[in-house]
Amino acid sequence: MSAIIQYALYFAVLIALAIPLGKFMARVMDGEHTFLSPVLAPVERGVYRLLRIDAKEQMGWKRYLVSVLAFSGIGLVVLIALQMLQAVLPGNPQHLPGVPWDLSFNTAASFITNTNWQSYSGETTLSYLVQFMGLTVQNFVSAGTGIAVMFALIRGFRQVKEQGLGSFWVDLTRTVLYVLIPLNLVFGICLAAGGVIANFQPAQKAELVEPVAVQPNADGGWSVIDGAQIEGDTVKVDGKVVEDARVVTEQFLPQGPAAPQVAIKQSGTNGGGFFGVNSAHPYENPNAFTNIIEMTSLLLIPAACCFTFGIGVKNTKQGKAIFAAMLVLLVIFTGVIAVNEHAGTPQLADSGAVNIEMTDGQAGGNMEGKESRFGIAASSTWSAYTTAASNGSVNSMHDSYTPLGGFVQMLQMALGEVVFGGVGCGLYGMIGFAILTVFIAGLMVGRTPEFLGKKIEPGEMRWAVVLCLATPFAILVCSAIACMVPGLADQLNNGGAHGFSEVLYAFTSCGGNNGSAFAGMNCNIPWINVMLGLEMLFARFMPIVGTLAIAGSLAKKGKVAESAGTLSTTNGMFVFLLVFIVLLIGALSFFPALALGPVAEFFQMIA
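Rules of the game
- Residues numbered from 1 in each chain as written.
- Predicted model: local features only at pLDDT ≥ 70, side-chain atom pairs only at ≥ 80, totals over all residues.
- Heavy atoms only, no water.
- Axes fitted to C-alpha atoms, helices over the stretch in contact; angles between N-to-C directions.
- Helix = DSSP H or I, 4+ residues; strand = E, 2+ residues; numbered from the N terminus.
- Parallel < 35°, antiparallel > 145°, perpendicular 65-115°, else oblique.
- Left-handed = near helix turned anticlockwise from the far one by under 90°.
- Contact = heavy atoms within 4.5 Å.
- Polar contact = N/O pair within 3.5 Å; in protein donor to acceptor, adjacent residues only side chain to side chain.
- Phe/Tyr/Trp six-rings, centres within 6.5 Å; stacked < 30°, edge-to-face > 60°.
- Buried < 20%, exposed > 50% of the residue type's maximum accessible area, 1.4 Å probe, protein only.
- Lys NZ or Arg CZ within 6 Å of the ring centre and 35° of its normal.
- Pairing = 2+ DSSP bridges.
- Core = buried A, V, L, I, M, F, W, Y, C linked by side-chain atoms within 4.5 Å.
- Expected span 1.5 Å × (residues − 1).
- Salt bridge = Lys/Arg side-chain N within 4 Å of Asp/Glu carboxyl O.

A.B. asks: What is the right way to look at the packing of helix α10 (residues 316-343) against helix α12 (residues 375-388) in this model?
C.D. replies: When two helices pack together, their arrangement is given by the angle between the helix axes and the distance between those axes. Where α10 contacts α12, the two axes come as close as 9 Å, and the packing angle between them is 140°. Taken together, the axes of α10 and α12 are oblique relative to one another. At the point where α10 passes α12, the crossing takes the right-handed sense. Taking contact as the criterion, the partners of Leu330, Thr334, Ile337, Ala338, Glu341 and His342 in α10 are, on α12, Ile376, Ala377, Ser380, Thr381, Ser383, Ala384, Tyr385 and Ala388.

Here is the structure:
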C-alpha cells in the first residue's frame, strides 16, 4: 500500500504543477504581461537591442528552420572547440587533458540536440569551465529551441491565411529568460539546500578506514579482490601473492558546480550528469527530498506544454485530450515497470530459498542496481519518467532491470519521445501522431480529415509521416549497421539476448534523443562515437524540419467550419484512438527488434 501511495503522490504533484506552468508559458509565448515582466521585460528589450532582433518579425517556416539550424550549428562548433582546448583554458583545477576529437563531436552533438548521451565520466573528463560554460549553456538553449519550435507549430494552427510563424530569436529569448532561468533558479537553490554540491574546489581525497585490494580486469578497469589479505603493499589470496594487485588507501571525492547543472539537466529534459553515475550519485541526488524535486522536474515542462498548446490554439479541451493520451500511456508503462521490479525474478528467489517479498525490514523485489535510499518505487517511477521524457538521467542502473522493465524503457524511447517527451519536442511529436489519427479516422468515415479547424491534406500527411517515422528509421538502421561491425561484441559486457539489448538500448536512446544507457556497453571508441553523434543529429533535426513544414502549410490555410460529420478530437474516443495509433506504430516498427532482445531474455528468464 505504501508503494501505491508513493506512485499516486508522484503523479499528483506532477499534474498540480503542470497546469499553472502551462498557462504561464502560453502568456510568455504571446509576449503578454506576467508577474516576472517588471523585472525581466527591460532585460528582454536589452537583448533585442544588443543583438538587433526585430521583436515583431514574422518568419516563414523556411527562415525559421534556417535560424534553428544555424544557431545549433554554431553551438556544435563552439562546444567541440571548448572540449578539445580545455587543457589550455582556465577553470580546470584537475589539469585534465583535451578531449579526443571523436568524443568531443559525440558530446557536442549530444548536448546541442537535447540528448545528453555521455560516453565519458564527467568528473574525470571535463573541466568545470566546459561543464558550466559549454554543457550547461547548451542545456538551456537546446531546451529553449524545442519549446520555440512548439510555439511555431501552435501559431501554424492559429494563423489564418498567413505566412509568418513568429521569430525564432524572440521565442528562444523569451523561453530562456522567462521560463528556464527563473524555474531553474528555484530548482538550483532547493537542490543546493538539499545537499547537492555547488563549488569550484578541486577534487578531494580521503583516507579509507580499511585499505582495499584491486586488480586489473578485462575492460581496462580495476576489480576488488574478494577475500584478500593485505600486508603493507603485498596482497595474498589463500596464502598466495597476487602479483598484479594494488592496494588502495585513498578515496577520490569529486567536487564542482553540480547543483546548477543538475537543475537544468532535469527541467530541460537534458539528462547529462555532472558525475558519471548521474542521479544515483549522492552528490547529485543525496536524499528523498532532492529525488522528488528532480523527478518531478523531469516531466514538468513537457506536461505543461500540453496545456500551453490548448490555450495557444484557443481550444483548451484539445490540450487536455493530448495530456490525457500521454498520461494514460505513462501510467500503463510505469505500472508494467513497477509490477516487474516489485516481483523480482525466479533467479533472485532461487526456488524459494531467498525471500524477496516486501516487508518492513526489506524492499523486496529486484533491488539489483538500485540505491537503497530510494527503493523500488522511486527508482521505477524515475526510470519510467526519464524514458518517457527525452531526459536520460537515471537514479538506478537500467541494465539491472528485469527484462520487461527494460522492454518498457526501450519502447517509450522508440515511440519517438511522445509520452510527454522532451520540452516542446514531445508535444510536436504527439501532434504528428494526432494528424495520423485524424487521417485514419477520416478514411474510416469517408471524410476529409480535419484537425483544429484545418484540413489535413497530402502535404501535411507526408510531413507527419516523416515526423513520426524519423526516429524509428534512425534507430533501426543504425542498430542494424552497428550489429554488422565485427568488433562490436568486444565492447559488450554480456552476450546473447541481453547483449543485443545493450546495443539496441544505446541506439534507441540516441535516436530517441534520450541519453540514458544500459551501462553495459563501451561506446567510447571512435566509430561508435561518430555513428551515435550522426544519429542524434538526424533524429533531432529531421522531426524539426517536418514540424515547421507542417506549421508553415497550416498557417496558409483558412479555417473550416465544424459540421455534423466533423470528427471530435477532444473526447474519450479520440484519446483512445491516439493511444492506439501510437502503440500500433511502435509495435509494428520495433517488435521484431525488441523480440530479439528483452522479450527473448524474458522467456529465457522464466524457462
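A.B. asks: What is the right way to look at the side chain of threonine 381 in this model?
C.D. replies: Within the secondary structure, threonine 381 is located in helix α12. A polar contact of 2.8 Å, which involves the side chain of threonine 381, links it to the backbone oxygen of alanine 377. Non-local contacts of threonine 381, meaning those with residues more than four positions away in its chain, are made with Tyr7, Tyr10, Met295 and Thr334.

A.B. asks: Would you mind showing me how to read the packing of aromatic side chains here?
C.D. replies: Each aromatic ring pair is summarised here by two numbers: the centre-to-centre distance and the angle between the ring planes. Enumeration according to the criterion identifies 21 aromatic pairs in this entry. Judged by centre distance (5.5 Å) and plane angle (85°), the rings of phenylalanine 157 and phenylalanine 451 are edge-to-face. Of the two residues, phenylalanine 157 is situated in helix α6 (residues 128-158) and phenylalanine 451 in strand β7 (residues 450-451); the sequence distance between them amounts to 294 residues. Summarising the burial analysis for this pair, phenylalanine 157 and phenylalanine 451 share the class buried. One aromatic cluster in this structure is built from Tyr128, Phe132, Phe200, Phe274, Phe275 and Tyr283. Arginine 246 extends its terminal NZ or CZ atom over the ring of tryptophan 222, reaching a point 5.1 Å from the ring centre. Stacked on the ring of tyrosine 401, the Lys or Arg lysine 370 has its end atom at 4.0 Å from the ring centre.

A.B. asks: Honestly, the sheet that holds strand β1 (residues 204-216) in this entry has me stumped. Any pointers?
C.D. replies: Note on sheets: strands pair through backbone hydrogen bonds, and any given pair is parallel or antiparallel. Strand order across the open sheet formed by 3 strands is β2-β1-β6, with antiparallel pairing between neighbours. If you trace the sheet from one side to the other, it starts and ends with β2 (222-224) and β6 (246-253), each paired once. Along the sheet, successive strands turn relative to each other by an average axial angle of 65°, direction set aside. Across 3 bridges, the pairing between β1 and β2 is antiparallel. In the sheet register, glutamine 215 faces β2, and the bridge partner there is serine 223.

A.B. asks: How should I be thinking about the environment of glutamine 83 in this particular structure?
C.D. replies: For glutamine 83, the position within the fold is in helix α3 (residues 61-84). Leave out the neighbours within four places in its chain, and glutamine 83 touches Gly98, Val99, Leu103, Ser104, Thr107, Ala108, Leu126 and Val130. Here leucine 79 takes part through its backbone oxygen, which lies 3.2 Å from a polar atom of the side chain of glutamine 83. Of the polar contacts made by the side chain of glutamine 83, one reaches the backbone oxygen of serine 104; its length is 3.0 Å.

A.B. asks: What's the story with the nonpolar core in this structure? I'm lost.
C.D. replies: In a soluble, globular protein the nonpolar side chains are often hidden away together inside. Ranked by internal contacts, the top residues of the largest apolar core, which has 147 residues, are Ile301 and Phe451. In terms of residue count, the dominant contributor to this core is α6 (14 residues). With near-sequence residues (within four places) excluded, isoleucine 301 lies in contact with Leu21, Met25, Ile147, Val179, Leu180, Leu183, Ser267 and Val423. In terms of nonpolar packing, the next biggest core, distinct from the first, is built from 16 residues, Ala506, Cys510, Met521 and Met536 among them.

A.B. asks: Mind showing me how you'd approach α3 here?
C.D. replies: An α-helix turns once every 3.6 residues. As a result, residues three or four positions apart point the same way. The first and last C-alpha atoms of α3 sit 35 Å apart over 24 residues, in line with the 34 Å expected at 1.5 Å per residue. Along α3, the positions that sit buried rather than exposed are Trp61, Tyr64, Leu65, Ser67, Val68, Ser72, Gly75, Leu76, Leu79, Ile80, Leu82 and Gln83. Where α3 is buried, its residues meet α4 (101-112), α6, α7 (168-194) and α17 (526-555).

A.B. asks: What's the story with unusual backbone geometry in this structure? I'm lost.
C.D. replies: Leaving glycine aside, a negative phi is the common case for residues, and trans is the common case for peptide bonds. One non-glycine residue, arginine 52, lies in the positive phi region at around 55°. Checked against the element boundaries, arginine 52 lands in the loop between α2 (37-51) and α3. By relative accessible area, which is 79% here, arginine 52 ends up exposed. Positive phi, normally seen in glycine, also occurs at asparagine 278, with a value near 60°. By relative accessible area, which is 6% here, asparagine 278 ends up buried.

A.B. asks: It is not clear to me how the pairing of β1 should be interpreted in this structure. Could you clarify?
C.D. replies: Side-chain positions along a regular strand alternate between the two faces of the sheet. By the bridge criterion, 7 bridges tie β1 to β6 in an arrangement that is antiparallel. The residue of β6 that forms the bridge with valine 212 is valine 248.

A.B. asks: Help me out: how do you make sense of the pattern of salt bridges in this one?
C.D. replies: Side-chain pairs of opposite charge can arise where the charged atoms are in close proximity. Here the structure, examined in full by the defined rule, presents 11 salt bridges. Arginine 27 is the partner of glutamate 32 in a salt bridge, and the nearest nitrogen-oxygen pair spans 3.4 Å. The class of glutamate 32 is partly exposed, set by a relative accessible area of 37%. Assessed through its relative accessible area of 37%, arginine 27 is described here as partly exposed. Ionic pairing is found between lysine 370 and glutamate 341, a salt bridge with its closest N-O pair at 2.8 Å. Taken together, the residues span a long stretch of sequence, with lysine 370 in the loop between α11 (346-349) and α12 and glutamate 341 in helix α10 at a distance of 29 residues. On the basis of relative accessibility, which here comes to 8%, the residue lysine 370 falls in the buried class.

A.B. asks: Teacher, can you tell me more about the sheet that holds strand β3 (residues 229-231) here?
C.D. replies: With antiparallel pairing, the 3 strands of this open sheet are ordered in space as β3-β4-β5. The open sheet terminates on both sides in strands that have one partner only, identified here as β3 and β5 (240-241). In this sheet, β5 lies alongside strand β4 (residues 234-237) in antiparallel orientation, the contact comprising 2 bridges. If you follow valine 237 over to β5, its bridge partner there is lysine 240.

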